[in-house]
Amino acid sequence: MAMAFATASASASSLSLTAFSLPLLQSLRPSPSHALHGATSSFPRPRRCGWGAVVRCAKRTGKRRYPSEKKRLNRRQQELLRQAAPEEGSKGRESGYWRLSKLAVPARDDPGKDFTSISLPLLQAIAKAIKFPVPSMLPDEAFTVIRKSFDARKVLKEPQFTYIVDMDVKKILDIEPRAWDFIARLEPKLGAVEYMPGEKSAADLVSMLNVNNKGSNNVLGIRDTHSDMIYHQQKKPRVAVIGSGPSGLFASLVLGELGAEVTLLERGQPVEQRGRDIGALAVRRILQSESNFCFGEGGAGTWSDGKLMTRIGRNTDGVQAVMKTFVHFGAPPNILVDGKPHLGTDKLVPLLRNFRHHLRELGVTIRFNARVDDLIVEDGQVKGIVVSDAELRPGSASQKLAFDAVVLAVGHSARDTYSMLWQHNVDMSPKSFAVGLRIEHPQELINSIQYSELAAEVQRGRGRIPVADYKIAKSVGERDTENELGIAEPSRSCYSFCMCPGGQVVPTSTNPSELCINGMSFSRRASKWANSALVVTVSSQDFKPFQSHGPLAGVEFQREFERRAAMMGGGNFVVPAQCVTDFISNRLSVTTLPPSSYRLGVRPSNLHELFPPYITEALQQSIIMIDREMPGFVSSKALLHGVETRTSSPLQISRHGETYESTSLRGLYPIGEGAGYAGGILSAAVDGMYCGFALAKQLSLFHGDIESFLGKAQKQTGFVKY
């Protein structure tokens, strides 16, 4: 039975349908005598079910914690906040910073989404938080906006912008001494008011690692290997980095700055040529197998929405270091403040160009159009790689290159690389991911659903209010029946993925006989369409028909539905499509389909013939549930496109947690989304950064403790998503 429950989310544009199911079967209930015995036994003796099995309470973490435990943790955190702050009225309060959160400014009063300075309405919210009577007397320069987000939840009286602001005590007292009485009495409050002895400010990686003219950096423990006066007689360790996506770029940056001889190999083209190849696909249907929406400089995220959101902690020092590195290479500074930061393809292209120039200045050798066909392995250790010109036919002349270590950052679509690793018996396993369809609405409809009368303020990304998006999730509970493959139905998650407001649907195929799609948008999100993938989780249990492919079973699962989609579309990258209303009713769209942003054409199809029933029915139920929360979501103007299969890597390459080295092949370092350890641009970049430091430590280029500065790396395992 399908079950779904809605909960309040961060905004109306972030609708969360948190799921749970109650699979309590009659056969699992304890008998009355056992229940009574359990009630009278001394705690914590475990209760036993009727047939003798021990039943213990599972530990609940995160949002699933019991209310009593949440209260206890909140009290503990509140006490820690009080202990961290100087005593009321003490001289210790004459310096430091106070972080003020949950500062709300009505949307009608705020200057708008692109304004990140201090406005009078924001000063009024600050004054209310610190109980200062005259907001206009507070000096602007004493405050710094850390985060700004838009909140249009229906539970609010009116839409508002929500701020996080840091207050510099010394600055405010120098300019307005009368503020002392209020700062002296300011009380820390969990989630709203926090004292910090110093400003929280992580540096970008270039500033952190730039020791060319310093000899050494005692703080980080970095030795200067760039100077001829140090290590000039020693041979630099040689490292190959395969793939120039976020993880590969940041691994190359760290290793290059720390003195390794880095060669960055990319099977695709630099962004300038890659843009022309993508244009040829969109206009003339010419697919370059090595330079497309998936392969090329910057990875698959370059021609996407450029989202900079992550599930590993937006405020962690590691994530902030990556964000500030993006700004260093040309990203707009407002990504550091925006509650839902994104870049867009038009901003990513010059950023990548600047990144490339900096790596080359470091001495990193960058080779485009260079496909790695094989590893050179001796005695269980990688000694080098076999590289060929990606434009030449398979079997053409190749080149063998020797390296001390190989960093594998190939992305989630490098299926030939996965096959090559399997031949070398590299330890890999199938990983859960998600497949589904991409749904597209007119952007004005989504604006109207989410913002009501405020929708007129969007103005195609140029107004005061951000273009409306949404984030949805749902669960399908366990079923007693089996699917058409004879597999018992597991509990599944259905959710939106890579929502692109003001964007377009694009082809991400890497083979002309296979069809898959994704969404992309530019920085202004000015398109008249909004699209998002609606996907259903699949796991190794679903891959059983392909188990002969071993760890590549998930890859073959993807291919199966990409081939079906290509046949349903009739070839030439035409996409099978169906009106949402017809999809729910399971009937073919015989009338004219609504307009689509997909430039290569759509063909009316019955998408029920694409996936197995357990996926199709889950998508149907999800859409119906979404429409209850977002009336108007089910519309004759909404169009479903098939098929979206590459939400994340279909496998995970095993590695050691501390060293990032493969558990089965020494000298190989699998990282990023393609290795199964990331789920987007930011998490992939962070993974590459930490791997770079870990490898540099093993190569004796780095002897510090990076976790003391960037925090402990968040280990991404299993199923990940944006």
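Residues numbered from 1 in each chain as written. Predicted model: local features only at pLDDT ≥ 70, side-chain atom pairs only at ≥ 80, totals over all residues. Heavy atoms only, no water.

The name that an unreviewed UniProt entry assigns to the protein chain is FAD-binding domain-containing protein, with the source organism given as Sorghum bicolor.

Moving on: the overall build of the protein chain. Across its full length, the protein chain holds 17 helices and 29 strands. When each of the 722 residues of the protein chain is scored for burial, the buried share is 53%. Excluding contacts between residues fewer than 6 apart, the proportion of contacts in the protein chain whose partners are at least 24 apart in sequence is 71%. Working note: accessible area of the protein chain is about 32000 Å², and carbon and sulfur atoms make up 50% of it. (Helix = DSSP H or I, 4+ residues; strand = E, 2+ residues; numbered from the N terminus. Buried < 20%, exposed > 50% of the residue type's maximum accessible area, 1.4 Å probe, protein only. Contact = heavy atoms within 4.5 Å. Areas by Shrake-Rupley, 256 points an atom, 1.4 Å probe, with all protein chains shown as cover.)

It is worth spelling out the sheet that holds strand S15 (residues 381–389) at this point. Strand order in the open sheet made by the 3 strands is S14-S15-S16, with antiparallel pairing throughout. Each edge of the open sheet is held by one strand with a lone partner, namely strand S14 (370–378) and strand S16 (398–402). Mean inter-strand twist for the sheet, computed between neighbouring axes without regard to direction, equals 30°. Bridge count for S14 against S15 is 8 bridges, and the pairing is antiparallel. Within the sheet, the bridge partner assigned to Ile376 lies in S15 and is Gly384. (Pairing = 2+ DSSP bridges. Axes fitted to C-alpha atoms, helices over the stretch in contact; angles between N-to-C directions.)

Before going further, it helps to spend a moment on the pattern of salt bridges. Taken as a whole, this structure holds 35 salt bridges when the rule is applied. For the salt bridge of Glu158 with Arg108, the shortest nitrogen-to-oxygen distance reads 2.9 Å. On the criterion of sequence distance, the pair formed by Glu158 in the loop between strand S6 (143–151) and strand S7 (160–168) and Arg108 in the loop between strand S5 (97–106) and helix H3 (120–130) is long-range, its members being 50 residues apart. Between Arg178 and Glu176 there is a salt bridge, with its nearest N and O atoms 2.8 Å apart. Given the relative accessible area of 7%, Glu176 is considered buried. Put simply, Arg415, Glu514, Glu556, Arg559, Glu562, Arg563 and Arg646 are held in one network by salt bridges that share partners. (Salt bridge = Lys/Arg side-chain N within 4 Å of Asp/Glu carboxyl O.)

So, on to the state of the cysteines. With the rule as written, the count across this model stands at 0 disulfides. No disulfide involves Cys500; its sulfur sits 4.0 Å from the nearest other cysteine sulfur, which is in Cys498. According to the relative accessible area criterion, Cys500 is buried, its value standing at 0%. (Disulfide = S-S within 2.5 Å.)

With that settled, the discussion passes to the packing of helix H9 (residues 317–328) against helix H16 (residues 681–698). Running from N to C, H9 and H16 point in directions that differ by 105°, and their axes come no closer than 9 Å. Taken together, the axes of H9 and H16 lie roughly perpendicular to each other. Across the interface between the two elements, Gly318, Val319, Ala321, Val322, Met323 and Phe326 of H9 pack against Ile681, Leu682, Ala685, Val686, Met689 and Tyr690 of H16. (Parallel < 35°, antiparallel > 145°, perpendicular 65-115°, else oblique.)

Pairing between sheet strands relies on hydrogen bonds along the backbone, with the strands arranged either parallel or antiparallel. Across the sheet, which stays open at both edges, the 5 strands sit in the order S13-S12-S11-S17-S29 with parallel pairing between neighbours. Both outer strands of the open sheet, strand S13 (365–368) and strand S29 (668–670), are each paired with one neighbouring strand and no more. On average, adjacent strands in this sheet sit at an angle of 15° to one another, irrespective of strand direction. Where strand S17 (residues 405–408) meets S29, 3 bridges bridge the pair, whose relative direction is parallel. Across the sheet, Leu408 pairs through a bridge with Pro670, a residue of S29. Of the strands in this sheet, strand S11 (238–242), strand S12 (261–266) and S17 are in contact with helix H7 (residues 246–257), which crosses S12 at around 165°.

Looking now at the environment of Ser664. Looking at where Ser664 falls in the secondary structure, it is placed in the loop between strand S28 (651–653) and S29. On the basis of relative accessibility, which here comes to 34%, the residue Ser664 falls in the partly exposed class. A C-alpha to C-alpha distance of 7.8 Å links Ser664 and Asn425, two positions 239 residues apart in sequence. Those residues in contact with Ser664 that sit more than four places away from it in its chain are Asn425, Val426 and Asp427. A distance of 2.8 Å separates a polar side-chain atom of Ser664 from the backbone nitrogen of Asp427. (Polar contact = N/O pair within 3.5 Å; in protein donor to acceptor, adjacent residues only side chain to side chain.)

A cluster of like positive charges, contributed by Lys102, Lys131, Arg185 and Lys189, occupies part of the molecular surface. Relative to the elements of secondary structure, Lys131 occurs in the loop between H3 and S6. For Lys131, a relative accessible area of 69% puts it in the exposed group. (Patch = residues over 30% accessible without salt bridge, like charges linked within 9 Å, V, L, I, M, F, W, Y side chains within 5 Å. Lys, Arg positive; Asp, Glu negative; His and termini not counted. Charge placed at Lys NZ, Arg CZ, Asp CG, Glu CD.)

In this model, helix H15 (residues 613–629) (17 residues) spans 24 Å end to end at C-alpha, consistent with the 24 Å of a helix rising 1.5 Å per residue. Tyr614, Ile615, Thr616, Ala618, Leu619, Gln620, Ser622, Ile623, Met625 and Ile626 are the residues of H15 that are buried. (Expected span 1.5 Å × (residues − 1).)

Okay, helix H10 (residues 345–362) next. In this model, H10 (18 residues) spans 26 Å end to end at C-alpha, consistent with the 26 Å of a helix rising 1.5 Å per residue. If you check which residues of H10 are buried, you get Thr345, Leu348, Val349, Leu351, Leu352, Phe355, Arg356, His358, Leu359 and Leu362.

Below, the discussion takes up the nonpolar core. Ranked by internal contacts, the top residues of the largest apolar core, which has 154 residues, are Trp98, Phe143, Phe326, Phe557, Met689 and Phe693. Take this core: its biggest share by element is 11 residues, from H16. Leave out the neighbours within four places in its chain, and Phe693 touches Leu205, Leu209, Val254, Leu258, Phe702, Ile706 and Leu710. Core analysis: the second largest hydrophobic core is formed by 28 residues, Ala240, Ile242, Val382 and Leu401 among them. (Core = buried A, V, L, I, M, F, W, Y, C linked by side-chain atoms within 4.5 Å.)

Two measures describe an aromatic ring pair: the distance that separates the ring centres and the angle between the ring planes. Scanning the model with the defined rule gives 15 aromatic pairs in all. Measuring from centroid to centroid gives 5.6 Å for Phe250 and Phe326, while their planes differ by 90°, and the two rings are edge-to-face. A residue pair is termed long-range when its members are at least 10 positions apart, and Phe250 in helix H7 and Phe326 in helix H9 qualify at 76 residues. Phe250 sits in the buried class, given a relative accessible area of 1%. Where Phe546 meets Phe557, the ring centres are 6.3 Å apart and the plane angle is 90°; that geometry is what we call edge-to-face. With a gap of 11 residues between them, Phe546 in the loop between strand S24 (529–538) and helix H13 (553–569) and Phe557 in helix H13 connect regions that are remote in the sequence. The exposure class of Phe557 is buried, given its relative accessible area of 2%. Through successive ring pairs, a cluster of aromatic residues spans Phe433, Phe543, Phe546, Phe557, Phe561 and Phe611. The ring of Phe161 has Lys148 sitting right over it, with the charged end atom 4.7 Å from the ring centre. (Phe/Tyr/Trp six-rings, centres within 6.5 Å; stacked < 30°, edge-to-face > 60°. Lys NZ or Arg CZ within 6 Å of the ring centre and 35° of its normal.)

This brings us to unusual backbone geometry. A cis amide bond, omega 15°, links Gly642 with the succeeding residue Val643. By the secondary structure assignment, Val643 is in strand S27 (residues 639–644). The phi angle at Lys102 is positive, at roughly 60°, despite the residue not being glycine. Tracing the backbone through its elements, the reader meets Lys102 in strand S5. Look at Ser700: it is not a glycine, yet its phi comes out positive at around 65°.

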